[in-house]
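Residue strings, one per chain:
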Amino acid sequence: MFTLLRDLRRLRRDIGLIRPDRGRSLAIRHVDAGSCNGCDHELTLTSSPAYDLQHLGLGIVASPRHADVLLVTGAITTRMQGPLLTAYAAMPQPRLVAALGDCALGIGLLGDPTEVVGPLDAVLGVDLRIPGCPPTPDTIAAALLTLIDNPPAVIPQR
Amino acid sequence: MSIEITETLGPDDLTSLSPTADAAERYRRRVRESLETGWRFAGLHVSPGAGSVRTLLASPFGATHLAGVALAAGCVPSIVDLAPAANWDEREAHDLFGIGFTGHLPLRPLADHDDRVDPIDGAAWTVPVTGTDAYQVAVGPIHAGVIESGHFRFHLVGDRILHLDARLFYKHRGLELAAVGAQLEQGTGYAARACAACAVTNSVAYAHAAEQALGLVPTAELARVRTVLLELERLWNHLNDIAAVCAGVGLAAGNNRFAAFTDRARRVNAAVGGHRFGFGTVRVGGSDLGLGRGQVAAVRADLGELRQEVTTSWRELLFNASFAERLPGVGTLSADQARQLGTVGPAARAAGLAQDVRSISPRLAYTGFEPVVPERALGDVQARFEQRALELWQTFDLLDALLDRPLVPAAGEPGGSARQIGVGRVESPRGATSCVVERDGSRIARMRLRTGSYANWPSVAAAAPGNLLPDFPLINKSFELCYSCADR
Ligand code: SF4
């Protein structure tokens, strides 16, 4: 255990993440609406030592009830449209919607028209677009940070 | 011992498809006799035009056979009594193509999410469970965390699981239907995007199937390039799966350490194939990948370093008693259950079944490969956890041997006669993945991808009963199956 922790400390030092204290945070609720799991796998890594979003005030939360951002991966399948909208309806306002990856943005979508409703903006207004198939963890991290650094108008300014 | 490996497809079963009682009996007999002589069920698909159903059988020595049967009054005989592993395949064929399976009772909805409720038995898709104090807990399709979408219905008494029904297909995109009519070369795109975690496996399985149909075999160099890509995919997956088990018991240090390794392994993937998940690295009929002497040496050195660090961290995990004691006896899948259910991959090997498609892959560079099984092959979370490490050392060895010289662009060459149907079988990080491609000239008439995850979902459900509900995330993570490649 000691060795593990020592290695992690060394890893963090080597990576040298710059962490300006933004004094703000956002809670993110992720919904996989029909991804290939690629965007999700890269999103998972944004919490790993090399990117460490939590330290920058961005946490993935378990419930939409206390989420500021709905972060959606994948094309919207007909079977996930309902659960996705339920999660959105459960969020407090103001709330933001982010599309993670080309599928969610409708770029190069693959699938049968009867099974796929379309990109995210076919069902919800999109505030943040993160293109890529999949975008790398640092692209995702940088894009999510813009929500804190340049919050869209719906978020009350300090 | 040298095993002669043959690739055969029985043409007779495919051409003599007439809807007679005799044909139906022949189909069942063929399946029964194959299973009795050690062959395994490897998938079932509906042929183009939905006039017949074809069952893929695989011998322990690498041969494959398709047994076909024509529809009579919309139905074919079920084989689920002979091969319980066909359960999901038949239910899927029913839900997506409307085919009846005589003798499959009850034929519960799988891909069909129609919520029919029987006043006594409850939802049609769940197994009715009744008894004093028995109750249900519904989880998903959205889970608490970055997890794929799917629904679990637990039947419990107190905290103890009596039965688990998994309902997937929330992510069903209809990829296989969408691929119909596309050029054969485009199929790898559909196969890869069925699932990022198995993108290379899926596209190699597809490429093998398409190449078999076109009468092509890979040259030694093409086989080597693809094997490198497959092992690099296994590398990041197994590291990810070890991190997942750590996360499953809340060991943040282990999870973080192995998540960082996963990231590093994906960087190696990008350095070799140009993409962290290997999208676009596999194409039908050849490979354009080139990696010069210096680049190969750098990758090899990087992998050597990674191996050392992973070895140290792995030992650290084993020395952590409070962690290690959480794993034994949880989520046990016995060898008998694994055999019955047709479990594949690390989950089957962790239960003591020494089977691995890599040892019977003439189209890939796995000469002399032998499956590894843990000493303590008890089929529980611990065994599946240890299995990942055993396979990691194999993968590091394989990569080290394969990357001893530059990778150069390579092509397939004529071999075997062209035919209408081709089959590819490849060992994914989760087990045997089969792909069947039926072609219409140069176009896809049908493709079906049956991945290791698809094969193993019923095993997750079988490993759950008797365990505590709070242990389910750990059990689930010890299998670490993809939802996306099951749902497609
Ligand atoms: S954008 Fe690419 S990686 Fe993301 S879900 Fe779609 S296919 Fe997968």
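All residue numbers refer to position in the chain's written sequence, counted from 1. By the order in which they are written, chains take letters starting at A while ligands take numbers starting at 1. Two thresholds apply to this predicted model, a pLDDT of at least 70 for residue-level local features and 80 or more for giving and counting side-chain atom pairs, whereas whole-chain, interface and lining totals are computed over all residues. Hydrogens are left out, water is left out, and the side-chain values use all remaining heavy atoms of the structure.

**Here's the deal with the interface of chain A and chain B**
We call two residues in contact when some of their heavy atoms are within 4.5 Å. Counting from both sides, the interface comprises 50 residues of chain A and, opposite them, 51 residues of chain B. What counts as buried area is the accessible surface, traced by a 1.4 Å probe, that two parts surrender upon association, with contributions from both included. When the buried area of chain A at its contact with chain B is split by residue, L4(A), R79(A) and L110(A) rank highest and sum to 18% of it. Every case where a carboxyl oxygen of Asp or Glu lies within 4 Å of a side-chain nitrogen of Lys or Arg is listed as a salt bridge. Applying the counting criterion to the chain A and chain B interface returns 3 salt bridges. When the shortest N-O distance is used, the salt bridge between R276(B) and E42(A) registers 2.5 Å. Breaking the side of chain A that touches chain B down by element, the ones donating at least two residues are α1 (2-15), β1 (26-32), α2 (38-45) and α3 (78-89) of chain A. Amino acid classes used here: Ala, Val, Leu, Ile, Met, Phe, Trp, Tyr, Cys and Pro are nonpolar; Asp, Glu, Lys and Arg are charged; the rest, including Gly, are polar. Per-class residue counts for the side of chain A that touches chain B are 27 nonpolar, 14 polar and 9 charged. A run of H or I in DSSP counts as a helix once it spans at least four residues, and a run of E counts as a strand once it spans at least two, with each numbered from the N terminus.

**Concerning the nonpolar core**
All names here are of chain B. Formed by 112 residues in total, the largest nonpolar core has its most connected members in Y206, L235, L303 and L317. At 12 residues, the largest contribution of residues to this core is made by helix α7 (residues 220-248). Residues within four places of L303 in sequence aside, it is in contact with L232, L235, V268, F396, L399 and L403. Among buried residues, the Ala, Val, Leu, Ile, Met, Phe, Trp, Tyr and Cys ones that are joined through side-chain atoms within 4.5 Å form a nonpolar core. Classification of residues uses two cut-offs on accessible area relative to the type maximum, computed with a 1.4 Å probe and protein chains only: under 20% is buried, over 50% is exposed, and between them is partly exposed.

**Some points on the site of the ligand**
Neighbouring residues of the ligand: S35(A), C36(A), G38(A), C39(A), G101(A), D102(A), C103(A), G132(A), C133(A), P134(A) and R193(B). We call a residue near a molecule or strand as soon as one heavy atom of that residue lies within 4 Å of the molecule or strand. Positioned at a junction of chains, the ligand has nearby residues supplied by chains A and B. Elements that contribute at least two residues to the shell around the ligand include exactly α2 and α4 (102-105) of chain A. When its residues are assigned to classes, the shell around the ligand shows 5 nonpolar, 4 polar and 2 charged.

**Describing the sheet that holds strand β1 (residues 40-46) of chain B**
The strands that make up a sheet are held in pairs by hydrogen bonds between backbone atoms, and each pair lies either parallel or antiparallel. Residue and element names in this part refer to chain B. Across the sheet, 3 strands lie side by side as β1-β2-β3; this open sheet has antiparallel pairing. With one partner strand each, in any of the chains shown, β1 and β3 (64-70) form the two edges of the open sheet. For this sheet, the mean inter-axis angle between neighbouring strands, taken without regard to orientation, is 20°. Judged from the 6 bridges that link them, β1 and strand β2 (residues 52-58) form a sheet pairing that is antiparallel. Two strands form a pair only when DSSP identifies at least two bridges running between them. The axes are straight lines fitted to the C-alpha atoms, using for helices just the contacting stretch, and the angles between their N-to-C directions are given from 0 to 180°.

**Quick notes on helix α2 (residues 21-36) of chain B**
All names here are of chain B. Residue count minus one, scaled by 1.5 Å, sets the expected span of a helix. If you check α2, its first and last C-alpha atoms are 22 Å apart, about what 16 residues at 1.5 Å a residue would give, namely 22 Å. Residues of α2 that are buried: A23, Y27, R28, V31 and S34. Viewed end-on, α2 has its buried residues packed into an arc of 135°, placing them on one side of the element. Exposed and oriented more than 90 degrees from the buried face of α2 are A21 and E36. Following α2 by one or two positions, G38 adopts a phi angle in the positive range, close to 95°. Directions drawn from the helix axis to the C-beta atoms are what define this arc.

**Overview of the confidence of the model for chain B**
Residue and element names in this part refer to chain B. In predicted models, pLDDT denotes the confidence assigned by the predictor to each residue on a 0 to 100 scale. Looking at chain B as a whole, the pLDDT averages 91, with 96% of positions reaching at least 70. Every residue in residues 1-16 scores below 50 in pLDDT, and together they form 35 contacts with partners more than four places removed in sequence or on other chains. Of the two predicted TM-score estimates for the complex, the pTM is 0.93 and the ipTM is 0.91.

**Considerations on the pattern of salt bridges**
Scanning the model with the defined rule gives 41 salt bridges over all chains in all. With a shortest N-O distance of 2.5 Å, D32(A) and K171(B) are connected by a salt bridge. You can see D32(A) sitting in strand β1 and its partner K171(B) sitting in the loop between β10 (160-167) and α4 (175-179), one on each of two chains. Here E176(B) ties to R488(B) by a salt bridge, and the two come within 2.8 Å at their closest N and O atoms. Of this pair, E176(B) sits in helix α4 while R488(B) sits in the segment after α16 (484-487), placing them 312 residues apart in sequence. Grouping residues by exposure puts E176(B) and R488(B) together as buried. Because the salt bridges share partners, they merge into one network encompassing E231(B), R234(B), R349(B), D356(B), R358(B), E391(B) and E427(B).

**Re unusual backbone geometry**
All names here are of chain B. For the peptide bond that leads from L105 to P106, omega is -15°, which places it in the cis range. Looking along the chain, the bond that leaves G140 and enters P141 is cis, with omega of 20°. Tracing the backbone through its elements, the reader meets P141 in the loop between β8 (134-139) and β9 (151-157). Look at R488: it is not a glycine, yet its phi comes out positive at around 50°.

**Observations regarding the domain arrangement of chain B**
Residues and elements named next belong to chain B. Domains are outlined according to an automatic or database domain assignment. Split by domain assignment, chain B resolves into domain 1 (11-102) and domain 2 (175-478). Each partner contributes residues to the interface: domain 1 has 25 residues there, and domain 2 has 22 residues. Taken together, the two surfaces of domain 1 and domain 2 that pack against each other cover about 1900 Å², and 57% of this comes from carbon and sulfur. The largest share of the area that domain 1 buries against domain 2 comes from R40, H45 and W88, three residues that together contribute 28% of it. Run the count over domain 1 and domain 2 and you get 4 salt bridges. Salt-bridge contacts for R450 lead to D89; the nearest nitrogen and oxygen are separated by 2.9 Å. Counted as a polar contact is a pair of N or O atoms within 3.5 Å, where, for protein atoms, one must be capable of donating a hydrogen and the other of accepting one, and residues adjacent in sequence contribute only when both atoms are in side chains. Here domain 1 and domain 2 share 14 residue pairs in polar contact (both at pLDDT 80 or more) between them. For the side of domain 1 that touches domain 2, the elements supplying multiple residues, two or more each, are β1, β2, β3 and α3 (87-97). The greatest single-element share of the side of domain 1 that touches domain 2, amounting to 7 residues, is contributed by β1. Among the residues making up the side of domain 1 that touches domain 2, the classes are represented as 15 nonpolar, 6 polar and 4 charged.

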